[in-house]
Amino acid sequence: MRKPREPSLGDAVLPMVTLIVLIGGSLALFGLDALDGPIQVALVLCAMVAALVVLKNGNTWADVQASSQRAISSITSALFILLAVGALIGTWNLSGTIPTLVYYGIQVLSPGWYYAACALICGVIAMSIGSSWTTAGTIGVGLVGIATMLGVSPAITAGAVISGAYLGDKLSPLSETTVLTAQLVKVDVYEHIKRQAWTSIPAFLLGFVIFLLLGLNGPAPASQATQATQAIELKALGDIYWITPLNLLPLVLLVFLSVRKAPASLALMAAALFAGVLGIFTQPAVYSTFSGGGIKAIWQAMATGFQKSSGIADIDALLSRGGMDSMLLTLWLIIGAVTFGTLLEEFGLISRLIDPMVAAAKGTGRLFLTVFAAAFGLNVIAGDQYIALVLPARVFRAEFARRGLAPTNLSRLTADSGTVTSPLVPWNSCGAFMGAVLGVSTLAYLPFCFFNIFSPLLSVVYGFTGFKIEKVDS
């Protein structure tokens, strides 16, 4: 058999140009609705173009199929997490867990410091359980629901939720991406976390101050009419559900399982099922009016979500959500993006673009900028944060060693550039997940993810200034 040819620069550029043209075209034609199918079609077409390039270079269709199978295999856990979150949102609305969070939250949280409080709450929870996805898919959903009823911006709230969730994820030894990054660069995980704090904490504090200013300069204090509306909405929630701290037991279970390092999909599904069963006893009136009640109601909520028609628009928007089927567009998006990215990675098309960048990065600052560009670019091109973490760690590890730079510099930089920027890309698995569970378009919340923007920028600035850049003895 003839040995496949190495890809040329033109081979590597063609799929990138196709991606830019098709994604740009879908956004131009459909706007934010592009995420409802057009971008998914664009990514599948991009994967086909990449496959044609691979075939042209002498690889077989069996090679392409095997690569696509590995792509799907790599995101199996993410797919099950998405389905579990969809089921959880459905049963948590059915059983009153999310409505109870909203009911108590409206009475405790003030619009003036709401955004900052959201970031802080999510940061603490994500650090405790080690998962940005679980934090956003549970507490984050409730906080965005509260924002709508308080009259503050859901987009800014989503940005605050994501900022806090990714701060906690980065600084938690329970986070799988934190552990993976340390392992890839061969540093101790706690040393890695210490070095990350030098960019993560300043970035979060900057974002926290901006969230405070946005809250203080945001909506005017609630008028009597607004207060009356909120009172009506609270009364409606109280009329529909029995509001009791017992409704929060599924959240307690989820935190407990996460701290005990149970697999995320299993922890989420256990919390969803527990909420469904608990609600039979705490919310009999709700169950009796939804899909026949009992087990059938739980099953339906997990499959297609919970629906409620109360006559109050904000209440209905909060409650009528969830279900595994609500995640199918997101699954389609992730499958298309990761298949495209895996083809580019495994057949050398990404390396063909990155290698000249490494050679051109002469100084430390330019090297740091190159790592950031590679990691963020992989989040855009490959559509998966794991590729954006693994590939730069592999490619740049030897270069950092050759220049006498401690590996902790690279571990911090790849986490700041790969993990943190992943929710900023609509078709990335993280961006697609956040948009789906929070109910806010990725492009709408992107400008308000201050932590996710400042953290990589600080890393690059450190590279140019030499601040907190550690050397190793030759």
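Small disclaimer: the values here were computed from a predicted structure and weren't measured.

(A) Broad picture of the overall build of the protein chain. Counting secondary structure elements, the protein chain contains 24 helices and zero strands. Its C-alpha atoms give the protein chain a radius of gyration of 23 Å, near enough to 23 Å, the size a compact globule of 474 residues would have. Out of the 474 residues in the protein chain, the part that is buried amounts to 55%. Counted over contacts in the protein chain with a minimum sequence separation of 6, partners at least 24 positions apart contribute 78%. In the protein chain, which carries 25 positive and 22 negative side-chain charges, the distance between the mean positions of the two groups comes to 8 Å.

(B) Quick peek at helix H3 (residues 61-74). The end-to-end C-alpha distance of H3 is 20 Å, a good match for the 20 Å that 14 residues give at a rise of 1.5 Å each. Every buried residue of H3 is listed here: Val 64, Ser 67 and Ala 71. Looking straight down H3, one finds that the buried residues subtend no more than 65 degrees of arc, so they occupy a single side. Within H3, the exposed residues directed more than 90 degrees away from the buried face are Gln 69 and Ser 73. Where H3 is buried, its residues meet helix H2 (38-56) and helix H17 (328-346).

(C) Focus on the pattern of salt bridges. Overall, the coordinates contain 10 salt bridges when judged by the stated rule. Taking the shortest distance from any N to any O, the salt bridge between Asp 239 and Lys 235 comes out at 2.9 Å. Separated by four residues within a single helix, Asp 239 and Lys 235 lie in helix H11 (residues 224-240), roughly one turn from each other. Each member of the pair, Asp 239 as well as Lys 235, is classed as exposed. Taken together, the shared-partner salt bridges connect Glu 191, Lys 194, Arg 195 and Glu 470 into one network.

(D) Up close: the packing of aromatic side chains. Tallied over the full model, the rule gives 12 aromatic pairs. Within the aromatic cluster, the residues linked to one another by ring pairs are Phe 211, Phe 448, Phe 450 and Phe 454. The ring of Trp 198 carries the charged tip of Lys 468 above its face, separated from the ring centre by 3.6 Å.

(E) View of unusual backbone geometry. Of note, Ser 291 is a non-glycine position whose phi angle comes to about 55 degrees, a positive value. Along the chain, Ser 291 falls in the loop between helix H14 (284-288) and helix H15 (294-304). Despite not being glycine, Lys 468 shows a phi value in the positive range, around 55 degrees. If you trace the backbone, Lys 468 turns up in the segment after helix H24 (450-465). Here Lys 468 falls in the partly exposed class, since its relative accessible area comes to 32%.

(F) Layout of a nonpolar patch on the surface. Among the surface-exposed residues, Val 41, Val 44, Leu 45, Met 48, Leu 329 and Trp 332 lie close enough to one another that they form a single nonpolar patch of about 480 Å² accessible area. Those elements that place two or more of their residues in the nonpolar patch are H2 and H17. Looking at the nonpolar patch element by element, the count peaks at four residues for H2. Assignment of secondary structure puts Leu 45 in helix H2.

(G) Structural view of the packing of helix H4 (residues 76-95) against H15. The interhelical angle for the contact between H4 and H15, taken along N-to-C directions, is 135 degrees, at an axis separation of 7 Å. Put simply, H4 runs oblique to H15. The interaxial crossing formed by H4 with H15 has right-handed handedness. Of the residues in H15, those touching H4 at Ala 87, Gly 90, Thr 91 and Leu 94 are Ala 297, Ile 298, Ala 301 and Met 302. The residue makeup of the contact of H4 with H15, split by class, is six nonpolar, two polar and no charged.

(H) Just the packing of H4 against helix H5 (residues 97-108), in detail. Running from N to C, H4 and H5 point in directions that differ by 65 degrees, and their axes come no closer than 4 Å. For the element pair H4 / H5, the angle class is roughly perpendicular. Every residue of H5 that contacts H4 at Ile 89, Trp 92, Asn 93 and Ser 95 is listed here: Thr 97, Ile 98 and Pro 99. Residues that form the contact of H4 with H5 fall into these classes: four nonpolar, three polar and no charged.

(I) Spotlight on H15. Burial in H15 covers these residues: Ala 297, Ile 298, Ala 301 and Met 302. Along the axis of H15, the buried residues cluster in a sector spanning 130 degrees; they form a single face. Projecting away from the buried face of H15 at angles above 90 degrees are the exposed residues Ile 295, Lys 296 and Trp 299. Packed against the buried residues of H15 are H4, helix H13 (264-282) and H14. Just downstream of H15 lies Gly 305, where phi reads positive at about 90 degrees.

(J) Expanded view of the nonpolar core. Counting residues in hydrophobic clusters, the biggest one holds 144 residues, and the most contacted among them are Leu 94, Tyr 114, Trp 133, Leu 143, Phe 396 and Phe 400. Beyond its immediate chain neighbours, meaning those up to four positions away, Phe 400 contacts Leu 367, Phe 368, Val 371, Leu 405, Ala 406, Asn 409, Leu 410 and Leu 413.

(K) Local environment of the confidence of the model for the protein chain. Mean pLDDT over the protein chain: 90, with 97% of residues reaching 70 or higher. Across the protein chain, the element-wise mean pLDDT spans from 76 in H11 up to 96 in H24.

Rules and cut-offs
- Residues numbered from 1 in each chain as written.
- Predicted model: local features only at pLDDT ≥ 70, side-chain atom pairs only at ≥ 80, totals over all residues.
- Heavy atoms only, no water.
- Helix = DSSP H or I, 4+ residues; strand = E, 2+ residues; numbered from the N terminus.
- Rg over C-alpha atoms; globule rule 2.2 N^0.38 Å.
- Buried < 20%, exposed > 50% of the residue type's maximum accessible area, 1.4 Å probe, protein only.
- Contact = heavy atoms within 4.5 Å.
- Lys, Arg positive; Asp, Glu negative; His and termini not counted.
- Charge placed at Lys NZ, Arg CZ, Asp CG, Glu CD.
- Expected span 1.5 Å × (residues − 1).
- Arc of directions from axis to C-beta.
- Salt bridge = Lys/Arg side-chain N within 4 Å of Asp/Glu carboxyl O.
- Phe/Tyr/Trp six-rings, centres within 6.5 Å; stacked < 30°, edge-to-face > 60°.
- Lys NZ or Arg CZ within 6 Å of the ring centre and 35° of its normal.
- Patch = residues over 30% accessible without salt bridge, like charges linked within 9 Å, V, L, I, M, F, W, Y side chains within 5 Å.
- Areas by Shrake-Rupley, 256 points an atom, 1.4 Å probe, with all protein chains shown as cover.
- Axes fitted to C-alpha atoms, helices over the stretch in contact; angles between N-to-C directions.
- Parallel < 35°, antiparallel > 145°, perpendicular 65-115°, else oblique.
- Left-handed = near helix turned anticlockwise from the far one by under 90°.
- Nonpolar A, V, L, I, M, F, W, Y, C, P; charged D, E, K, R; others polar.
- Core = buried A, V, L, I, M, F, W, Y, C linked by side-chain atoms within 4.5 Å.
- pLDDT = per-residue confidence, 0-100.

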